[in-house]
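Residues per chain are reported as follows:
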Amino acid sequence: MTAKKKILVLEGSPRRGNTEIVTDWVLKGLGKKGYEINRLRVCDLNINGCQECECCLDSKHSAGCHQEDDMLEIYDLMIDSDLIIWTSPIFCWGVTSQLKAVVDRCFALLNGENLLKGSKWAVVLTAGGDHFDGADLAVEMFRRLAEFGKVDYLGQFVATNCSRPQQLKKNQTIATEAQRFGKELRAALIK
């Protein structure tokens with residue numbers, strides 16, 4: 001029997017709404033068979049920002065971060081995951097502050113033997129405006145961090161011009177495109 005692939009979804013939205021709806025569609029396209037999916041709402045966790053104390057530079061085989069918060073659990077989940085899906089609405093031309101704290105703290109995994117090297121990442125973003133309303137900047141941040149960390153960046157799904165959740169739920173075009181992205185992720189995990 002083949003072991004289930006582990007997928008970690010790091011949800012950056014401070015409320016349940018558009019980003020959760022689109023993420024649900026992506027996961028529907030991905031399917032559940034053969035996967036162990038762990039969804040974490042980072043706004044519900046105690047995650048401090050990076051203090052740039054550089055303690056992680058002294059660690060070669062672990063995160064080495066000296067902050068004692070919920071990020072310690074996330075480090076282990078990230079290392080053990082076959083795919084990490086980062087999700088966020090666009091706030092002020094970037095991801096939410098809650099998710100940005102997690103992104104910044106990833107630096108601790110990139111030191112020493114680079115515990116994220118070879119992992120797979122994907123990004124799901126929602127925006128009230130178009131791609132150039134901040135989603136492009138968030139995508140570039142993840143793409144560059146993945147490149148720096150030698151992570152296999154599988155791409156992004158950006159749902160733009162999102163309306164209120166009640167209206168978004170009726171948008172079959174975005175639903176179909178999001179599910180297609182989930183199928184692409186499934187294909188990439190099979191390789």
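See above for the structure.
The following refers to the structure shown. (Residues numbered from 1 in each chain as written. Predicted model: local features only at pLDDT ≥ 70, side-chain atom pairs only at ≥ 80, totals over all residues. Heavy atoms only, no water.)

1. Some details on the pattern of salt bridges
Tallying each qualifying case throughout the model produces 10 salt bridges. Across the salt bridge formed by Arg16 and Glu20, the nearest N and O atoms sit 2.6 Å from each other. For Arg16, a relative accessible area of 53% puts it in the exposed group. One salt bridge in this structure joins Arg143 and Glu147, with 3.2 Å as the shortest N-O distance. With Arg143 and Glu147 both in helix 4 (residues 131–148), this residue pair falls 4 residues apart, about one helical turn. Its relative accessible area of 54% is what places Glu147 among the exposed residues. (Salt bridge = Lys/Arg side-chain N within 4 Å of Asp/Glu carboxyl O. Buried < 20%, exposed > 50% of the residue type's maximum accessible area, 1.4 Å probe, protein only. Helix = DSSP H or I, 4+ residues; strand = E, 2+ residues; numbered from the N terminus.)

2. Thoughts on the sheet that holds strand 5 (residues 152–159)
Consider a sheet: its strands pair through backbone hydrogen bonds, and that pairing is either parallel or antiparallel. Spatial strand order, 2-1-3-4-5: 5 strands in an open sheet with parallel pairing. Looking at strand neighbours, the two that pair on one side only are strand 2 (35–41) and strand 5, the edges of this open sheet. On average, each strand axis in the sheet is tilted by 15 degrees relative to the strand beside it, whichever way the strands run. In terms of strand pairing, strand 3 (residues 83–89) meets strand 4 (residues 120–126) through 7 bridges, oriented parallel. The residue bridging Ile85 from the neighbouring strand is Ala122, located in strand 4. Most of the contacts of helix 2 (residues 71–80) go to strand 1 (residues 5–11), to which it runs at about 135 degrees, and overall it touches strand 1, strand 2, strand 3 and strand 4. (Pairing = 2+ DSSP bridges. Axes fitted to C-alpha atoms, helices over the stretch in contact; angles between N-to-C directions. Contact = heavy atoms within 4.5 Å.)

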